[in-house]
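# Tertiary structure, described
Residue-level listing of the chains:
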Amino acid sequence: MAALPVPLLALVLLLLAGYGGPGAAGQRRKEMVLSEKVNQLMEWASKRSVIRMNGDKFRRLVKAPPRNYSVIVMFTALQPHRQCVVCKQADEEYQILANSWRYSSAFTNKIFFAMVDFDEGSDVFQMLNMNSAPTFINFPAKGKPKRGDTYELQVRGFAAEQLARWVADRTDVHIRVIRPPNYAGPLMLGLLLAVIGGLVYLRGSNLDFLYNKTGWAFAALCFVLAMTSGQMWNHIRGPPYAHKNPHTGQVSYIHGSSQAQFVAETHIVLLFNGGVTLGMVLLHEAATSDMDVGKRKIMCIAGIGLVVLFFSWLLSVFRSKYHGYPYRYVSP
């Protein structure tokens, strides 16, 4: 093959230096595609904090490279005929998290929040072999999702604050959750004060009810039982009421881990604590009341039975959460 003339060779070298050859052209195409994807996501995010996606959008913007941004995707089933109550509750918290990020001063194109509804993207559920909702998955900027990129909903609950901690752990993006104002608490407090004020006004000449020890003792007992059963934990973490196994259909009311609980579990523990307390009250009354001996014996037997039965059930719940706990009372 004949050698190229010197001027023509210089021109070829100049073109290669200016455009970088085929590799540089491919890199520019990737940058253009990436820029288009980011611009599209930013446009949608400016209109809606959570971007709704179907199968085509998911494959193009989340699965397909190139991508230099993370996408948090909530897979859900919000249509009424799906009857997914947990999906609606989780969606409310997810919207709060996404809005907190969208209107934050630190908002960037480093992370986006998206949603795939089963009725709009069933092919995505099939592609990912998913058969339950809601599910949160982080699709990182590089590589495929790892095990920790799937949110442990049953352990952490779906409160926006918990989701924010998980997002910070997976993406290093820290989101300060800002909830919309809730006036239910002040309204209930005002109503309670109005009722108390009305009672005081109507019974201004007779305030003996304020010195009723039984009433105050009952109110205090209800408060203690509510707090010791885990109601405050539910308020902070926002766990689901129970868990239904998608494969077997079996419903679990007691969480198998000592680090989490269900709302139903709180109600069960509250009932058991109340049963033990009632038994102790009956034993106290049997020992101190002026009733005849026969009635006192009945109260004593009933009190012992309640304490033994409900405390045994409490130990059973404790053993189911702390595996290997060696002590039991009556129940296996």
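From a predicted model like this one, the values you see are computed outputs, not experimental measurements. (Residues numbered from 1 in each chain as written. Predicted model: local features only at pLDDT ≥ 70, side-chain atom pairs only at ≥ 80, totals over all residues. Heavy atoms only, no water.)

What the protein contains, in helices and strands, is twelve helices and six strands. Per-residue burial for the protein yields a buried fraction of 32% across its 332 residues. Long-range contacts, defined as pairs at least 24 residues apart, comprise 65% of the intrachain contacts of the protein with a sequence gap of at least 6. Of the accessible surface of the protein, which amounts to about 21100 Å², a share of 62% is contributed by carbon and sulfur atoms. (Helix = DSSP H or I, 4+ residues; strand = E, 2+ residues; numbered from the N terminus. Buried < 20%, exposed > 50% of the residue type's maximum accessible area, 1.4 Å probe, protein only. Contact = heavy atoms within 4.5 Å. Areas by Shrake-Rupley, 256 points an atom, 1.4 Å probe, with all protein chains shown as cover.)

All chains considered together, the criterion is met by one disulfide. Across a sulfur-sulfur distance of 2.1 Å, Cys-84 and Cys-87 are joined as a disulfide pair. In this structure, the disulfide formed by Cys-84 and Cys-87 twists by about 70° around the S-S bond and is classed as right-handed. (Disulfide = S-S within 2.5 Å.)

Following the UniProt record, one finds the feature "transmembrane region" (unreviewed entry) at residues 183–202, 214–233, 268–286 and 298–318. A distance of 27 Å separates the end C-alpha atoms of residues 268–286, which is 100% helix and 0% strand. Annotation note: span residues 298–318, helix share 100%, strand share 0%, distance between end C-alpha atoms 30 Å. (UniProt positions renumbered as here; feature names shortened; annotations may be inferred.)

Overall, the prediction assigns the protein a mean pLDDT of 82, with 86% of residues at 70 or greater. Across residues 14–19 the pLDDT falls below 50, and counting only partners more than four positions away or on other chains, this stretch makes five contacts in the model. (pLDDT = per-residue confidence, 0-100.)

What follows is about the pattern of salt bridges. Within the structure shown, the criterion is met by ten salt bridges. Salt-bridge contacts for Lys-47 lead to Glu-43; the nearest nitrogen and oxygen are separated by 3.8 Å. Highlighted residues: Lys-47 and Glu-43, both in helix α2 (residues 21–47), separated by four residues, approximately one helical turn. Glu-43 gets classed as partly exposed once you look at its relative accessible area, which sits at 40%. For Lys-321, the salt bridge identified is with Glu-265, shortest N-O distance 3.1 Å. (Salt bridge = Lys/Arg side-chain N within 4 Å of Asp/Glu carboxyl O.)

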